[in-house]
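# Observations on chain architecture
One-letter residues, chain by chain:
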Amino acid sequence: MPLRFGLHYFKFLSSPKQFYNALSYTWGSEVDRAAISVNGRRLMVTRNLLEALSHLSRSFFYTYLWVDAICIDQSNLAEKSIQVANMNRIYQHATEVIAFLGAPSDQMAVRRSRLAYERLKKFATERRRIVAACEDDLTLAHSLSQFSRNSHELAPYINGYYRDSVWESIVRLYLLPWWSRAWIVQEACCGPKPMICYGNIMMHFSVFEHLLDHFELGRMEMDESGQFEPTHPPLTSARRLMTMRGRREDGNPSFLEIIYMLSHQQCKDPRDKVYAAISLVDTHRKIIVPDYQKSVLEVYLDVVQYCLQNSNHPCGTLDFLGYASSSSSRELLRLSSSSRTSIPGWIPDWRADSDYLTLGNNLRKRPDLHCHLDEIAWAPSVSSEYMRLTLKGWAMYQVGQSLAELYQQASSDIQREMLTTQLCSLFDYIIDIFLSGFNQVSDETNRHFMDHIQAIDVVTPYTRERSIRTIQGDTVELGLFPDSTRAGDILCSFLGGSVFYVIRQVGNGIYKFIGEAVLMGQMDKIEREGSLESFILM
């Protein structure tokens, strides 16, 4: 006999909490479905949801439970758009949020999950004791670090000699698909901290937060394939979620910061990379309304409009351009519902899971840009019909040769040594403008700047998908440019931008967007004197 449920209606009243709980779970395969009964009618749900409902109704006895697949008519795009816009309120008003990670698959797994639960309880109890005994933050930080490094139950991972099956079972909870879903970010961040449920055991979200800190303090790291090695990256999906929760509690992160984080998360519908982020933005700034009748391209264009219209700068912000590339435009063309033959490179593809570091969004010293008084009323404009972005700014320089070409043409060791000196100066400059406090070392023995090998390691993330070039002129001035840059491309400064941009002329006043750029010693001179020009990007 299928599980039986009834639908009940709730109104959002002035009361901050309603008497229902909200479920957060992984949808799973759409093909593998099972039947439940809702108001006496048969409803097909995914196997993952059936498993969650079975465990919650059997073990925890929740009376009212909000579940997206049941409470939203998924076949009605208009209703779906309205309900998605209310998702933050649904989770904010819930008495409790239950995050169902899954369930053990066999009796051995059940036994391990029970042992894991007991270990988690022991960890939480010991941590509370340490916190209660510390009178200040410095003492607390030191005590927690010692606890992480000296815990005999964690030591096998620190030293790398053998494994502890209970800790292994716990760590694998962080690798379950729930942590990597796009929608769980708002489900875990908008409402109360969720209760993490795995089968018949339940533990508060904060325990998993503290445990991840415990692992990292103890230098135990594990990669996404489940390999335990000290040199592997941390559990990125779980850490990303907890970081966003912390950013939300400390202050509202920017929309671009949120949507970039969600680009690393998984979802079935590419439009949800945007719609899942809306609830995490200041309500007074929302201008993107969920509409599942729009194409992916139209939704991603809405993000561009949002950035141009929601900025402290009177001419909008162009930081979104840091996430755009010509390769992403080719992918967006495939998803476009129109008959277009090309998509402009200035529209970011938010489906991309990339560690690509943008320049404008990571600047430590952002230039103080001001529009000319006669341009205050002007703002960048987007033509949705013709897919053109109109900007104003200055054409600064023409791009010259690559560093490799310069080395090849160097006719003497002195010239090559000068190029090497310029390269090291560029590394210095990049570190200065992107890495706050990197050179502020108090130890007298460490005042000297790192050697060249260390500098390369630090700068490498910013050079990914970029190459070092010079601008055309009598002197060698190096900078970071997109890999697709060619000699003769134009280096521009646009109103609303915080870095330089590379464009390529393709017609009279028409340009193709190439990407962001940094020019050594020039980032505090982004805005120039002289007449502003109009640039149409296509």
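Each residue is numbered by its place in its chain's sequence as written, counting from 1. Under the rules for a predicted model, residues below a pLDDT of 70 receive no local features and side-chain atom pairs below 80 are neither given nor counted, while totals for whole chains, interfaces and linings still include all residues. The side-chain quantities take in all heavy atoms of the structure and omit both hydrogens and water.

### Considering the overall build of the chain
Applicable threshold: Put simply, DSSP marks the helices as runs of H or I at least four residues long and the strands as runs of E at least two long, and each gets a number from the N terminus on. Each accessible area value is a Shrake-Rupley result obtained with a 1.4 Å probe; residue values ignore everything except the protein chains displayed when judging cover.
Tallying secondary structure elements over the chain gives 18 helices and 16 strands in all. If you sum the accessible surface of the chain, you get close to 26,500 Å²; carbon and sulfur atoms cover 50% of it.

### Quick look at the sheet that holds strand 6 (residues 96-102)
Operational definition: Only strands that DSSP links by at least two bridges are regarded as paired with each other. A contact between two residues is defined here by any heavy atoms of the two lying within 4.5 Å. Axis geometry follows a simple rule: fit a line to the C-alpha atoms, using only the stretch in contact for helices, then measure angles between N-to-C directions, giving values from 0 to 180 degrees.
Taking strand neighbours across the sheet as the criterion, the five strands line up as 5-2-6-7-8 in an open arrangement whose pairing is mixed. Edge strands, defined here as strands with exactly one partner in the open sheet, are strand 5 (65-66) and strand 8 (201-204). One ladder, built from four bridges, connects strand 7 (residues 195-198) with strand 8; its direction is antiparallel. Residue pairing across strands places Ile-196 opposite Met-203, the latter belonging to strand 8. Packed on one face of the sheet, helix 1 (residues 47-59) meets strand 2 (21-24), strand 5, strand 6, strand 7 and strand 8 and runs near 120° to strand 6.

### Regarding the packing of aromatic side chains
Threshold: Any pair of Phe, Tyr and Trp rings, taking the six-membered ring for Trp, is counted once the centres come within 6.5 Å. Such a pair is stacked with planes under 30 degrees apart, edge-to-face with planes over 60 apart, and tilted for the rest. Whether a residue is buried, partly exposed or exposed follows from its accessible area with a 1.4 Å probe, protein chains only, as a fraction of its type maximum: under 20%, in between, or over 50%, in that order.
Summed over all chains, the structure comprises 15 aromatic pairs. Between Tyr-260 and Tyr-323, the aromatic rings sit 5.3 Å apart at their centres with planes inclined by 40°, giving tilted as the arrangement. Of this pair, Tyr-260 sits in helix 12 (residues 255-262) while Tyr-323 sits in the loop between helix 14 (296-309) and helix 15 (326-335); the two residues are 63 residues apart in sequence, bridging distant segments of the chain. When its relative accessible area of 22% is taken as the criterion, Tyr-260 is described as partly exposed.

### Let's talk about the pairing of strand 3 (residues 33-38)
Pairing of strand 1 (residues 4-5) with strand 3 involves two bridges; the strand directions are parallel. Looking at the pairing, Phe-5 lines up with Val-38 of strand 3. Both strand 3 and strand 4 (residues 41-46) contribute to a ladder of six bridges, which runs antiparallel. Paired with Arg-33 across the strands is Thr-46, a residue of strand 4.

### A few points about the pattern of salt bridges
Quick reminder of the rule: The term salt bridge refers to a side-chain nitrogen of Lys or Arg lying within 4 Å of a carboxyl oxygen of Asp or Glu.
In total, this model carries twelve salt bridges according to the counting rule given. The residue Lys-294 makes a salt bridge to Asp-302 at a minimum N-O spacing of 2.8 Å. Classification of Lys-294 by relative accessible area gives partly exposed; the value is 25%. Assessed through its relative accessible area of 17%, Asp-302 is described here as buried.

### Here's the deal with the confidence of the model for the chain
Rules: Confidence per residue, as judged by the predictor, is encoded in pLDDT with a range of 0 to 100.
Averaged over every residue, the pLDDT of the chain is 77; residues scoring 70 or more account for 76%. For the chain, helix 7 (residues 155-159) is the element with the lowest average pLDDT, namely 42, and strand 14 (residues 500-507) is the one with the highest, namely 92. Here residues 219-234 scores under 50 on pLDDT; set against residues more than four positions off or in separate chains, the count is 40 contacts. This model gives residues 368-376 a pLDDT under 50, and the stretch forms 22 contacts once residues within four places in sequence are excluded.

### Structural notes on the sheet that holds strand 4
With mixed pairing, the three strands of this open sheet are ordered in space as 1-3-4. Either end of the sheet is taken by a strand with one partner, and the two such strands are strand 1 and strand 4. On top of the sheet, helix 1 reaches strand 1, strand 3 and strand 4; it is set at about 110° to strand 4, its chief contact.

### Section: a nonpolar patch on the surface
The cut-off we apply is this: Residues qualify for a patch when their relative accessible area is over 30% and they have no salt bridge, like charges being joined within 9 Å and the nonpolar side chains of Val, Leu, Ile, Met, Phe, Trp and Tyr within 5 Å.
Taken together, the side chains of Phe-10, Phe-19 and Tyr-64 present a nonpolar region at the surface, about 340 Å² in accessible area. Accessibility expressed as a relative area gives 39% for Phe-10, which makes it partly exposed.

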